[in-house]
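Topology and contacts: notes
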Amino acid sequence: MKPKLIIPLAIVFAALAALILMKRGQEVQVSLTDQAELKLLVPENLDVTSVNRLEIFAGVKAGERVVLTKDGDIWRIASMYNAKAVDGRAQQMLDAVAGLQGEFRATVSGEALADYDLTDERAFHVMGFTGEREEVFHVLTGKSPKYGDMFMRAASSDDVYVVNKNIRRDAFLYSLDYD
């Protein structure tokens, strides 16, 4: 090629490269949390170290709750003759609940919650308390739309979310039956 033709091509190439770099510099990185509009299911200011009582139960068997209480640094199973809980299990559940973020699916109430297994009678409940039985969080887990995901909602809300954390499995319940 002749040098007279290469110089204009090099100038056009440089101008296009400059435009591409300028365009990339103006793009704002949007996090996955913002893109999916993930919402926390527990209060944003939740301090898991202040939780001293956990109640875990299936809604069908609300009278058969597993109650974990914190005695100093040791968690005990109050519903099982105050036996010492396995080290780290209560903290594992608290950490799982504290990090629950869900993708909004629907706002439903009444009988429509049964479609997601999120009625009080069918859902799997995890409640956390501080001090003298002051409820800090109460989340309900329903059925699974696909492996690894669960429908969940906060007890005080009718908003249903899909969460990629199975807290039933964290409580060592591997059956998908609500009872």
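Look above for the structure.
As a starting point, this report considers the structure included with it.

Conventions and cut-offs
- Residues numbered from 1 in each chain as written.
- Predicted model: local features only at pLDDT ≥ 70, side-chain atom pairs only at ≥ 80, totals over all residues.
- Heavy atoms only, no water.
- 1 Å grid on protein atoms, 1.4 Å probe; cavity = no way out; pocket = protein on both sides within 12 Å on 5 of 7 lines; lining within 4 Å.
- Points joined across faces, edges and corners; volume = space filled by probe spheres on them.
- Helix = DSSP H or I, 4+ residues; strand = E, 2+ residues; numbered from the N terminus.
- Nonpolar A, V, L, I, M, F, W, Y, C, P; charged D, E, K, R; others polar.
- Phe/Tyr/Trp six-rings, centres within 6.5 Å; stacked < 30°, edge-to-face > 60°.
- Buried < 20%, exposed > 50% of the residue type's maximum accessible area, 1.4 Å probe, protein only.
- Lys NZ or Arg CZ within 6 Å of the ring centre and 35° of its normal.
- Pairing = 2+ DSSP bridges.
- Contact = heavy atoms within 4.5 Å.
- Axes fitted to C-alpha atoms, helices over the stretch in contact; angles between N-to-C directions.
- Salt bridge = Lys/Arg side-chain N within 4 Å of Asp/Glu carboxyl O.

**Topic: the layout of surface pockets**
The computed volume of the second largest pocket comes to approximately 160 Å³. If you trace the second largest pocket, you find 11 residues lining it, with Leu38, Gln101, Glu103, Val162 and Asn164 closest to the centre. Secondary structure elements with two or more residues in the lining of the second largest pocket: helix 2 (32-36), strand 6 (101-107) and strand 10 (159-163). No other element matches the three residues that strand 6 contributes to the lining of the second largest pocket. For the lining of the second largest pocket, the residue count by class is five nonpolar, four polar and two charged.

**Description of the packing of aromatic side chains**
Following the criterion strictly, the structure yields two aromatic pairs and no others. Residues phenylalanine 104 and tyrosine 161 carry aromatic rings whose centres are separated by 5.9 Å and whose planes lie at 75° to one another, so their mutual orientation is edge-to-face. With phenylalanine 104 in strand 6 and tyrosine 161 in strand 10, the pair connects residues that are 57 residues apart, well separated along the chain. The class of phenylalanine 104 is partly exposed, set by a relative accessible area of 39%. By relative accessible area, which is 11% here, tyrosine 161 ends up buried. Here the aromatic rings of tyrosine 116 and phenylalanine 151 are separated by 4.8 Å at their centres, their planes lie at 80°, and the arrangement is edge-to-face. Separated by 35 residues along the polypeptide, tyrosine 116 in the loop between strand 6 and strand 7 (124-130) and phenylalanine 151 in strand 9 (residues 150-154) bring together distant segments of the chain. Overall, tyrosine 116 belongs to the buried group, its relative accessible area being 18%. The class for phenylalanine 151 is buried, based on a relative accessible area of 10%. In this structure, arginine 65 packs its charged tip against the face of phenylalanine 57, placed 3.9 Å from the ring centre.

**Observations concerning the sheet that holds strand 4 (residues 74-77)**
As summarised here, the arrangement of the 10 strands in space is 1-6-10-9-8-7-2-3-4-5, forming an open sheet in which the pairing is antiparallel. Of all strands in the sheet, those bounded by a partner on one side alone are strand 1 (38-40) and strand 5 (83-84). Packing against the sheet, helix 3 (residues 89-98) makes contact with strand 1, strand 2 (53-58), strand 3 (66-71), strand 4, strand 7 and strand 8 (134-141), and its axis sits at approximately 80° to strand 2.

**Description of the pattern of salt bridges**
Evaluated as defined, the whole model comprises nine salt bridges. Its salt-bridge partner being glutamate 55, residue arginine 53 comes within 3.0 Å of it at the nearest N-O pair. Of the residues examined, glutamate 55 reaches a relative accessible area of 2% and is grouped as buried. Several salt bridges converge on common partners, so that one network encompasses Arg53, Glu55, Arg65 and Arg133.

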